[in-house]
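Coordinate analysis (summary)
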Number of protein chains: 2
Amino acid sequence: MSNTESGTLSAAFNRGKVMSRDCPSRAILKHVTSQWGVLVLVALMEDTHRFSALRRKIGGVSEKMLAQTLQQLEQDGFVHRVSYPVVPPHVEYSLTPLGKDIGRRVADLADWIELNLPTIIKARQSLA
Amino acid sequence: MSNTESGTLSAAFNRGKVMSRDCPSRAILKHVTSQWGVLVLVALMEDTHRFSALRRKIGGVSEKMLAQTLQQLEQDGFVHRVSYPVVPPHVEYSLTPLGKDIGRRVADLADWIELNLPTIIKARQSLA
DNA sequence: CAGAATCCAACTTGATACTG
DNA sequence: CAGTATCAAGTTGGATTCTG
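Residues numbered from 1 in each chain as written. Chains lettered and ligands numbered in written order. Predicted model: local features only at pLDDT ≥ 70, side-chain atom pairs only at ≥ 80, totals over all residues. Heavy atoms only, no water.

Looking at unusual backbone geometry
With an omega of 5°, the peptide bond running from A:V87 to A:P88 counts as cis. If you trace the backbone, A:P88 turns up in the loop between β2 (79-84) and β3 (90-95). (Helix = DSSP H or I, 4+ residues; strand = E, 2+ residues; numbered from the N terminus.)

Brief notes about the sheet that holds β2(A)
Residues and elements named next belong to chain A. Here three strands make up an open sheet; going across it, the order is β1-β3-β2 and the pairing antiparallel. Either end of the sheet is taken by a strand with one partner, and the two such strands are β1 (49-50) and β2. The sheet contact formed by β2 and β3 spans six bridges and is antiparallel. Bridge assignment links H80 to a residue of β3, and that residue is S94. Those strands touched by helix α2 (residues 35-46) are β1, β2 and β3, and its axis lies near 95° from that of β3. (Pairing = 2+ DSSP bridges. Contact = heavy atoms within 4.5 Å. Axes fitted to C-alpha atoms, helices over the stretch in contact; angles between N-to-C directions.)

A word on the relation of the copies chain B and chain A
The transformation that overlays chain B on chain A combines an axial shift of 0.0 Å with a rotation of 180°, and the residual RMSD is 0.0 Å. With respect to symmetry, the two chain copies, as superposed, fit the operation of a two-fold axis. For chain B, the residue whose C-alpha comes nearest the rotation axis is B:T33, separated from it by 2.6 Å. The fraction of interface residues of chain B whose copies in chain A are also interface residues reaches 100%, indicating that both copies meet through the same surface. (Least-squares fit on C-alpha atoms with pLDDT ≥ 70 in both.)

Some words on the protein's contact with DNA strand D
Around DNA strand D lies a shell of 18 residues, among which A:S52, A:R81, A:Y93, B:K64 and B:P89 are the nearest. Counting only atoms of DNA strand D within 4 Å of the protein, the fraction found in sugar and phosphate groups is 57%. For the surface near DNA strand D, the secondary-structure elements that each account for two or more residues are α3 (51-57), α4 (63-75) and β3 of chain A together with α4 (63-75) of chain B. Considering each element in turn, the surface near DNA strand D owes the most residues, four residues, to α4(A). (Near = heavy atom within 4 Å.)

Describing the pattern of salt bridges
In this structure the tally under the stated criterion is eleven salt bridges over all chains. With a closest N to O distance of 2.8 Å, A:K57 and A:E46 form a salt bridge. A residue pair is termed long-range when its members are at least 10 positions apart, and A:K57 in helix α3 and A:E46 in helix α2 qualify at eleven residues. The exposure class of A:K57 is partly exposed, given its relative accessible area of 27%. We note a salt bridge from A:D101 to A:R104, for which the minimum N-O separation is 3.1 Å. On the criterion of helical spacing, the pair formed by A:D101 and A:R104 is a turn pair, its members being three residues apart in helix α5 (residues 97-127). If you follow the salt bridges from partner to partner, you end up with A:D101, A:R104, A:R105 and B:D108 in one network. (Salt bridge = Lys/Arg side-chain N within 4 Å of Asp/Glu carboxyl O. Buried < 20%, exposed > 50% of the residue type's maximum accessible area, 1.4 Å probe, protein only.)

Overview of the nonpolar core
Counting 69 residues, the largest nonpolar core has A:I58, A:F78, B:I58 and B:F78 as its most contacted members. Once you skip the residues sitting within four places of it in the chain, A:I58 turns out to touch A:W36, A:L39, A:V40, A:A43, B:M19 and B:R26. (Core = buried A, V, L, I, M, F, W, Y, C linked by side-chain atoms within 4.5 Å.)

Quick word on the UniProt feature "domain: HTH hxlR-type" (unreviewed entry) in chain A
Under the feature "domain: HTH hxlR-type" (unreviewed entry), the UniProt entry names residues 23-121 of chain A. In this annotation, residues 23-121 of chain A is assigned 66% helix and 14% strand; the end-to-end C-alpha distance for the span is 34 Å. (UniProt positions renumbered as here; feature names shortened; annotations may be inferred.)

Quick notes on the sheet that holds strand β3 (residues 90-95) of chain B
Residues and elements named next belong to chain B. The sheet built from three strands is open, its strands ordered β1-β3-β2 with antiparallel pairing. At either end of the open sheet lies a strand with only one pairing partner, and these are β1 (49-50) and β2 (79-84). Here two bridges tie β1 to β3, and the two strands are oriented antiparallel to one another. Within β3, the position partnered with H49 by the bridge is Y93.

Considerations on the environment of A:L39
Here A:L39 shows up in helix α2. Along the primary structure A:L39 and A:V61 are separated by 22 residues, whereas in three dimensions their C-alpha atoms are 9.7 Å apart. When near neighbours in sequence (up to four residues on either side) are disregarded, A:L39 contacts A:I58, B:V18, B:M19, B:R26 and B:L29.

Describing the packing of helix α1 (residues 25-32) of chain A against helix α2 (residues 35-46) of chain B
Packing of α1(A) against α2(B) brings their axes to within 10 Å, and their N-to-C directions diverge by 115°. Taken together, α1(A) and α2(B) sit at an angle that is classed as roughly perpendicular. Our pair here, α1(A) against α2(B), has a crossing hand that is right-handed. Only B:Q35, B:W36, B:V38 and B:L39 of α2(B) make contact with α1(A), whose side of the interface consists of A:R26, A:L29 and A:K30. Split by residue class, the contact of α1(A) with α2(B) holds four nonpolar, one polar and two charged. (Parallel < 35°, antiparallel > 145°, perpendicular 65-115°, else oblique. Left-handed = near helix turned anticlockwise from the far one by under 90°. Nonpolar A, V, L, I, M, F, W, Y, C, P; charged D, E, K, R; others polar.)

Structure representation (structure tokens):
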């Protein structure tokens, strides 16, 4: 079988699937690591939020992008959406167990960057 | 001190800065979690690679995007570029210590997705 | 081989306005 | 409040061509 990858037999290193152009992981990865996807996950790791609360919390998101991001993450099974049929509308977003699992890793990444930002900036300057 | 965030005093939860529209972390986060940034980091976690090797390994990248991504990651101090002045040109890309640190987290994320892909797909269907 | 430069198509994003 | 619809504008991305 012609293998676009390195042709390794070891499925143990299951890393490599995502390297293929058409690996389904790519789509999930894209949602999760999207500009607003990351921040939504981080925000929801802290607590359940309403739509407008999320919008206030995540500086710079437009309504459109927030709605779109939430829909993607909901479809992937990471975000749980609960709509209370009252007026005015009341909708709450939270993480599913799966969402918490991946959210932890994403938040970890974001935290690392915040923590190491000084180091990164220094490193960048020493390259200039 | 007036705090635009939730007004918490605990800097221990340094999460929150990245939520501001103009936090410098946002730029780094964007490079690292960009579509190709993720895959470059994952690939370089395994080994040093030459440009064309990376291009072959990462299915779907164009030369342009690969070059651009590598430059961003190099400027952020995550990727080390070594150019041997021979003909034909020989350039090697590897991760700096900083790059390995963050690369581990990114690879972790990618691995998690690959590993849980079946679960995710099932979850998605049960929502349909 | 490693990339820079160019050109153009396609998708993404953001304001704004509108609806249930 | 929680979105959707619309449209303009910006950005990304890819194919191609060219160079050291």
